[in-house]
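Coordinate analysis (summary)
The chain contents come next:
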Amino acid sequence: MRQYRICGGKRISGELAIGGAKNAVLPILAAACLNKSETTIHNCPRISDAFDTIKILEGIGFGVEFLGNTLKIHPAKELSHEVPDECATKMRSSILFMGALLGQTGKVNLALPGGCNLGERAIDLHIKGLEAMGAKIHQEGNKLFCETEKQGLCGTKIKLDTASVGATENLLIAATKAKGETVIENAAREPEVVDLAQFLKKMGAKIRGAGTGTIAISGTGGEFNKEITHEIIPDRIVAGTYLVAAAMTGGYVRLTNVRPFDLAPFTMYLSEMGCTLRASHDTVILHAPQRLRPAGRIVTKVHPGFPTDMQAQFAAALSIAEKRSEITETIFEGRSSHVQELRKMGANIHLTADKQTFVIDGVRRLHGATVAAHDLRCGAALILAALAADGETIVQNAEFVERGYESIENDLTALGADIRPETI
Ligand code: EPU
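Presented here is a report on the structure given in the accompanying data block. Starting afresh in each chain, residues are numbered from 1 along the sequence in its written order. Owing to the predicted nature of the model, reporting of local features is limited to residues with pLDDT of at least 70; listing and counting of side-chain atom pairs is limited to 80 or more, with chain, interface and lining totals taken over all residues. Based on all heavy atoms of the structure, the side-chain values leave hydrogens and waters out of the count.

**Focus on the nonpolar core**
Among the nonpolar cores identified, the biggest contains 74 residues, and Met98, Leu172 and Leu200 are the most heavily contacted of them. The contact criterion used is simple: two residues touch if any of their non-hydrogen atoms lie within 4.5 Å. Beyond its immediate stretch of four places on either side in the chain, Leu200 contacts Ala31, Leu34, Leu172, Ile173, Thr176, Ala205 and Ile207. Counting residues in each nonpolar core, the second largest holds 73 residues, with Leu263, Phe266, Met310 and Ala369 among its members. Nonpolar cores are built from buried Ala, Val, Leu, Ile, Met, Phe, Trp, Tyr and Cys residues. Side-chain atoms within 4.5 Å join them into one set. Burial classes: relative accessible area under 20% of the type maximum marks a residue as buried, over 50% as exposed, and values in between as partly exposed (1.4 Å probe, protein chains only).

**Remarks on the packing of helix 8 (residues 236–248) against helix 10 (residues 311–318)**
Interaxial distance between helix 8 and helix 10 falls to 10 Å at its minimum, and their mutual angle equals 5°. By the angle class used here, helix 8 and helix 10 are roughly parallel. Only Gln313, Phe314, Ala316 and Ala317 of helix 10 make contact with helix 8, whose side of the interface consists of Ile237, Thr241, Val244 and Met248. Side-chain classes are defined by residue name, with Ala, Val, Leu, Ile, Met, Phe, Trp, Tyr, Cys and Pro counting as nonpolar, Asp, Glu, Lys and Arg as charged, and the others, Gly among them, as polar. For the contact of helix 8 with helix 10, the residue count by class is six nonpolar, two polar and no charged. Angular values range over 0 to 180 degrees, each being the angle between N-to-C directions of two axes fitted as lines to C-alpha atoms, with helices fitted over their stretch in contact. Think of it this way: any DSSP run of H or I at least four residues long counts as a helix, any run of E at least two long counts as a strand, and we number them from the N terminus. Relative orientations are named as follows: roughly parallel for angles under 35 degrees, roughly antiparallel for angles over 145 degrees, roughly perpendicular for angles from 65 to 115 degrees, and oblique for any other angle.

**As for the environment of Asp52**
Relative to the helices and strands, Asp52 resides in helix 2 (residues 48–59). For the pair Asp52 and Leu26, spaced 26 residues apart in sequence, the C-alpha to C-alpha distance is 9.7 Å. Not counting residues up to four positions away in its chain, the partners in contact with Asp52 are Cys87, Lys90 and Met91.

**A few points about the packing of aromatic side chains**
For Phe, Tyr and Trp, rings pair up if their centres lie within 6.5 Å, where Trp contributes its six-membered ring, and each pair is then called stacked (planes under 30 degrees apart), edge-to-face (over 60) or tilted (otherwise). This model, assessed by the stated rule, comprises four aromatic pairs. For the pair Phe51 and Phe66, a centre-to-centre distance of 5.3 Å together with 45° between the ring planes defines the contact as tilted. Taken together, the residues span a long stretch of sequence, with Phe51 in helix 2 and Phe66 in strand 4 (residues 63–67) at a distance of 15 residues. Residue class for Phe51 comes out partly exposed when judged on its relative accessible area of 34%. For the ring pair Phe266 and Phe314, a centre distance of 6.5 Å and an interplane angle of 70° mean the geometry is edge-to-face.

**Focus on the pattern of salt bridges**
By definition here, a salt bridge exists when the distance from a side-chain nitrogen of Lys or Arg to a carboxyl oxygen of Asp or Glu is within 4 Å. Within this structure, the stated rule accounts for 23 salt bridges. Between Arg5 and Glu392 there is a salt bridge, with its nearest N and O atoms 2.7 Å apart. Here the residue Arg5 occupies a position in strand 1 (residues 2–7), and Glu392 occupies one in strand 22 (residues 392–396), the gap between them amounting to 387 residues. Classification of Glu392 as partly exposed rests on a relative accessible area of 42%. The closest approach of N and O atoms between Lys55 and Asp52, which form a salt bridge, is 3.6 Å. On the criterion of helical spacing, the pair formed by Lys55 and Asp52 is a turn pair, its members being three residues apart in helix 2. The structure contains a network of salt bridges with shared partners spanning Arg5, Glu392 and Glu422.

**Some words on the site of the ligand**
Consider each residue's heavy atoms; a residue with any of them within 4 Å of a molecule or strand counts as near. Taken together, 22 residues are adjacent to the ligand, and Asp124, Ser164, Asp309, Ile331 and Arg377 come closest. Polar contact is defined as a pair of N or O atoms within 3.5 Å, subject to the rule that within protein one atom must be able to donate a hydrogen and the other to accept it, and that residues adjacent in sequence are counted only when both atoms are side-chain atoms. In this structure, Lys22 approaches the ligand through a side-chain N or O atom, which is 3.0 Å from an oxygen atom. Contact between the ligand and Asp124: a nitrogen atom at 2.7 Å from a side-chain N or O atom of the residue. Cavity membership is defined here by more than half of the atoms lying within 2 Å of grid points; on that basis the ligand lies in the largest pocket. Contributions of two or more residues to the shell around the ligand are made by helix 1 (22–31), helix 5 (124–132), helix 6 (165–177) and helix 12 (376–388). By residue number, the principal contributor to the shell around the ligand is helix 5, which donates three residues. Partitioned by chemical class, the residues of the shell around the ligand number eight nonpolar, six polar and eight charged. Each cavity reported here is a set of points on a 1 Å grid over the protein atoms alone in which a 1.4 Å probe fits but cannot get out, each pocket an open set with protein on both sides within 12 Å along at least five of seven lines, and each lining residue one with an atom within 4 Å of a point. Placement in a cavity or pocket follows one criterion, namely that more than half of the molecule's atoms lie within 2 Å of its grid points.

**Comments concerning the side chain of Glu329**
Considering the arrangement of structural elements, one finds Glu329 in the loop between strand 18 (324–328) and helix 11 (337–344). Only four residue types enter the charge count: Lys and Arg as positive, Asp and Glu as negative, with His and the chain ends excluded. It turns out Glu329 is buried and unbridged, and the closest side chain with the opposite charge, Arg335, is 5.3 Å from it. Within the local environment of Glu329, its side chain forms a polar contact with the side chain of Gln311, the two groups lying 2.9 Å apart. Not counting residues up to four positions away in its chain, the partners in contact with Glu329 are Thr300, Thr308, Gln311, Arg335 and Gln356.

**Focus: the sheet that holds strand 3 (residues 39–42)**
The rule for pairing is simple: two strands pair if DSSP sees at least two bridges between them. Pairing in this open sheet of four strands is mixed, and the strands run 4-5-3-13 from one edge to the other. Every interior strand has two partners, whereas the edge strands, strand 4 and strand 13 (228–231), have only one. Across the sheet, the mean angle from the axis of one strand to that of its neighbour is 15°, orientation sign disregarded. Looking at chain direction, strand 3 and strand 5 (residues 70–74) are connected through three bridges and run antiparallel. Residue Thr40 lies in a different strand from strand 5, and its bridge partner there is Lys72.

Here's what the structure looks like:
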């Protein structure tokens, strides 16, 4: 087991360049299955979810080289439709190999996806959408068996009940290989969906409307056979995590390689909390006040609303802000594991009866404790709380954090934190 030992009370200040986004690269790696030529991906974060996705690619026949932050994916001589169970069950995004391999080989067998435990994480929209395109899918135990008829997937109109990021991406990938036009209504508009569409377009896909609620894909059913190079967009959640680190420690941070527009759904709250923010085309600068102000009420929403992936980090920040703030989680039904852990550090947070709203009465100081990450963003939030706390904190289950942060200890050390990873 790995953990972080953090000595709190150091002011976070300095400059940092932000790496590629986990939630952009994972779908793009699945989409690379559609390319029969070499794919080069720059700015790929060296995180465990990327390594596990690479294992899936290798398991189904691709050759992959990963040097620095550049990935080269060499086409498979023979493509297997069996997704290795061990990696599929670790990650949510493994489900995207369903659309990719159904499109490419007409067949895929894969285990139900894993991923952070955030409550019920259904895949009905993925399945319904692919079935509407002609796939036959059945489940035996924890395994999905999927096939298309001889003619392959066919374009159709699909209206998603909720604007699911993963379902939009799965259908977008599948539709790229389908025959005819697919229209996805109530599509997710997250920047990572747009990055996937950009990648597919470089391959030759005809996609309109990515980033809006309606995406249209004109497929020919043909092959894609073009060497392509793509640079992954910066990780807005990693950037947000470091902005909150500076905000919580009365610090200053200058982040480069960011897209300020993508950060706006949460930087507007940091401004409201008393931080001074300045942004230029790929840079954001934050100066924190002596003490953070309350944020009123934050409600997580699909993009361009407040992102659920920043909810836990803001809960940590508001724990030491003045007065009362509230956060309501509307995307996931079980994303509250940080609450019990923050309380161990002296936070005054309680959950309302429906367990979706956190009422946070800010305290002046948090104190060090031994706490455990229960998912990726819970881990990030606990590290942030530890940076601002008096004394020493141990954050257990570092493995969760490593899923989505390339080297949080090096980044924060560069910004002046006292944080050490340990293996016990
Ligand atoms: N949902 C369904 N049916 C479906 C699909 C989703 O009911 O078929 C529900 C889910 O249960 C959930 C909601 O819709 O309540 C949103 O799920 P969505 O499909 O949008 O999320 P996801 O694709 O599973 C991605 C990110 C998450 C991020 C969410 C929301 C990846 C690999 N994961 O998950 O990232 O929180 O979108 O923005 O892209 C993280 O990075 O910490 C993380 C959890």
